[in-house]
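# Coordinate inspection notes
Here is what each chain is made of, one letter per residue.
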Amino acid sequence: MSLVSGVRIFGKKIYTYAQVKSTNKIACQLAEQGAEEGTLVVSEEQIEGEGRAGHYWFSPQGGLWLSLILRPPTSFCVSRLSILGAIGIARSVRKMFSLLSPRIRWPNDAIINGKKVGGVLCKARSIRKRVIFVIMGIGVNINIEEFPSPLCFTATSLKREIGHSVSNEIFQECLLEELERLYFSSQNDFSSILEEARGFSSLLGKQVGVQTREGEFLGVVQGIDEEGGLILRLESGMQKRISSEEVYIK
Ligand code: BT5
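It should be emphasised that the depicted structure is a prediction, and the values quoted were computed from it without experimental measurement.

### Some details on the overall build of the protein chain
- If you tally the helices and strands in the protein chain, you get six helices and 12 strands.
- Whereas a compact globule of 250 residues would reach a radius of gyration of roughly 18 Å, the protein chain reaches 17 Å, a difference of no more than 12%.
- When its C-alpha atoms are laid out on the principal axes, the protein chain stretches across 50 × 45 × 30 Å.
- Across the 250 residues that make up the protein chain, the buried fraction comes to 53%.
- Long-range contacts, defined as pairs at least 24 residues apart, comprise 65% of the intrachain contacts of the protein chain with a sequence gap of at least 6.

### Notes on the packing of aromatic side chains
- Evaluation of the coordinates by the stated rule reveals six aromatic pairs.
- Here Phe10 and Tyr183 contribute two aromatic rings whose centre-to-centre distance is 5.5 Å and whose plane-to-plane angle is 45°, an arrangement assigned as tilted. Here Tyr183 lies in helix α5 (residues 168–188) and Phe10 lies in the segment before β1 (14–20), a separation of 173 residues in the sequence.
- With a centroid separation of 5.5 Å and 55° between ring planes, the pair formed by Phe76 and Tyr183 is classed as tilted. Here Tyr183 lies in helix α5 and Phe76 lies in the loop between β3 (64–70) and α2 (81–96), a separation of 107 residues in the sequence.
- On the basis of relative accessible area, Phe76 is assigned to the buried category, the value being 9%.
- With relative accessibility at 2%, the residue Tyr183 sits in the buried group.

### Section: the pattern of salt bridges
- Under the criterion given, the structure shown has 18 salt bridges.
- Across the pair Glu50 and Lys25 runs a salt bridge, and its minimum N-O distance is 3.1 Å. Of the two residues, Glu50 is situated in the loop between β2 (40–46) and β3 and Lys25 in helix α1 (residues 23–32); the sequence distance between them amounts to 25 residues.
- Among the charged side chains, a salt-bridge network with shared partners connects Arg91, Lys95, Glu177, Glu178, Arg181 and Glu196.

### Regarding the side chain of Thr39
- Mapped onto the fold, Thr39 is located in the loop between α1 and β2.
- The class for Thr39 is buried, based on a relative accessible area of 4%.
- At 2.7 Å, the side chain of Thr39 and the backbone oxygen of Glu36 are in polar contact.
- The contacts of Thr39, once residues within four sequence positions are left out, are Lys13, Tyr15, Ser67, Leu68 and Ile69.

### Comments concerning the domain arrangement of the protein chain
- Segmenting the protein chain into domains produces domain 1 (14–200) and domain 2 (207–249).
- For domain 1 versus domain 2, the distance between C-alpha centres works out to 23 Å.
- Taken as a group, Arg52, Ser79 and Trp106 account for 48% of the area that domain 1 buries against domain 2, more than any other trio of residues on that side.
- The interface formed by domain 1 and domain 2 holds one salt bridge in total.
- For the salt bridge of Arg80 with Glu226, the shortest nitrogen-to-oxygen distance reads 3.4 Å.
- At the boundary of domain 1 and domain 2, one finds four residue pairs in polar contact (both at pLDDT 80 or more).
- A per-element tally of the side of domain 1 that touches domain 2 places helix α6 (residues 191–200) first, with four residues.
- Split into classes, the residues belonging to the side of domain 1 that touches domain 2 amount to eight nonpolar, three polar and three charged.

### Considerations on the sheet that holds strand β6 (residues 115–127)
- Read from one edge of the open sheet, seven strands run β1-β2-β3-β7-β6-β5-β4, paired in mixed fashion. On the outer flanks of this sheet lie β1 and β4 (103–105), each paired with one strand and no other. Averaged over all pairs of adjacent strands, the angle between their axes in this sheet comes to 20°, without regard to strand direction.
- Looking at chain direction, strand β5 (residues 109–112) and β6 are connected through four bridges and run antiparallel.

The rules behind the values
Residues numbered from 1 in each chain as written. Predicted model: local features only at pLDDT ≥ 70, side-chain atom pairs only at ≥ 80, totals over all residues. Heavy atoms only, no water. Helix = DSSP H or I, 4+ residues; strand = E, 2+ residues; numbered from the N terminus. Rg over C-alpha atoms; globule rule 2.2 N^0.38 Å. Buried < 20%, exposed > 50% of the residue type's maximum accessible area, 1.4 Å probe, protein only. Contact = heavy atoms within 4.5 Å. Phe/Tyr/Trp six-rings, centres within 6.5 Å; stacked < 30°, edge-to-face > 60°. Salt bridge = Lys/Arg side-chain N within 4 Å of Asp/Glu carboxyl O. Polar contact = N/O pair within 3.5 Å; in protein donor to acceptor, adjacent residues only side chain to side chain. Domains from an automatic or database assignment. Buried area = accessible area lost by both parts, 1.4 Å probe. Nonpolar A, V, L, I, M, F, W, Y, C, P; charged D, E, K, R; others polar. Pairing = 2+ DSSP bridges. Axes fitted to C-alpha atoms, helices over the stretch in contact; angles between N-to-C directions.

In structure tokens, the structure reads:
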């Protein structure tokens with residue numbers, strides 16, 4: 001697939017490892033050293049895989065653990081990236097396995113049959129409010145057969161859902177293609193991506209509790225706005241916008 005002057009950008013340069021602490025950490029070091037947009041770091045295993053807000057990310061062999069270096073234009077709204085990542089996973093699952101119905105759980109989870117199959121962790125480096133680079137870390141449980149407790153109740157893998165092994169390489173290829181398409185098209189038109197997010201959403205119209213730094217909010221999910229925030233209708237009837245940073249849906 002070609003997007004810019006016939007050259008693919010995402011994954012044009014790939015650093016692969018057998019084991020790392022976290023691909024996000026390596027990508028961050030490479031970005032600090034000036035690595036180009038689209039540079040990819042992939043590892044077979046992570047021993048200190050990171051989720052949001054210091055949560056752990058279970059990353060044994062068999063999964064796809066990758067980090068992409070992005071250098072978005074100054075006008076780019078970075079908080080949209082988690083949703084783009086989750087849509088990228090969902091699109092890839094749907095494209096490769098038409099029998100599965102992937103969903104996204106705002107802001108960063110990819111879900112199959114109610115269980116988490118992948119997650120996105122975006123970290124931005126800014127100087128005086130100007131974004132210098134963003135690391136988009138994506139984890140997808142491809143061929144993981146067993147999850148330790150308590151993940152066994154909430155997590156799933158592609159292999160568990162479809163009953164046979166999946167090629168990490170083919171999934172990675174498909175994911176990179178979808179992510180690149182989403183990233184560049186979102187710079188011109190985010191509204192059609194929002195529409196797609198609504199279509200994939202597992203939360204729309206549902207009653208949820210959202211834990212934020214300000215406290216917990218209970219309400220019915222109305223949608224996602226242009227900056228990637230979640231719109232809730234609270235029990236009082238008021239609307240509340242929740243920003244995607246460090247929130248947890250209960
Ligand atoms: C995420 O955080 O979902 C972000 C995951 C990003 C992982 C990638 S892998 C490549 C790159 N390098 C890294 O070090 N990280 C990125 P969050 O929404 O906070 O979800 C974390 C929670 O998901 C944990 O607290 C667990 O409950 C659960 N969890 C942990 N590992 C999981 C897994 N493999 N599959 C499903 N759920 C998991």
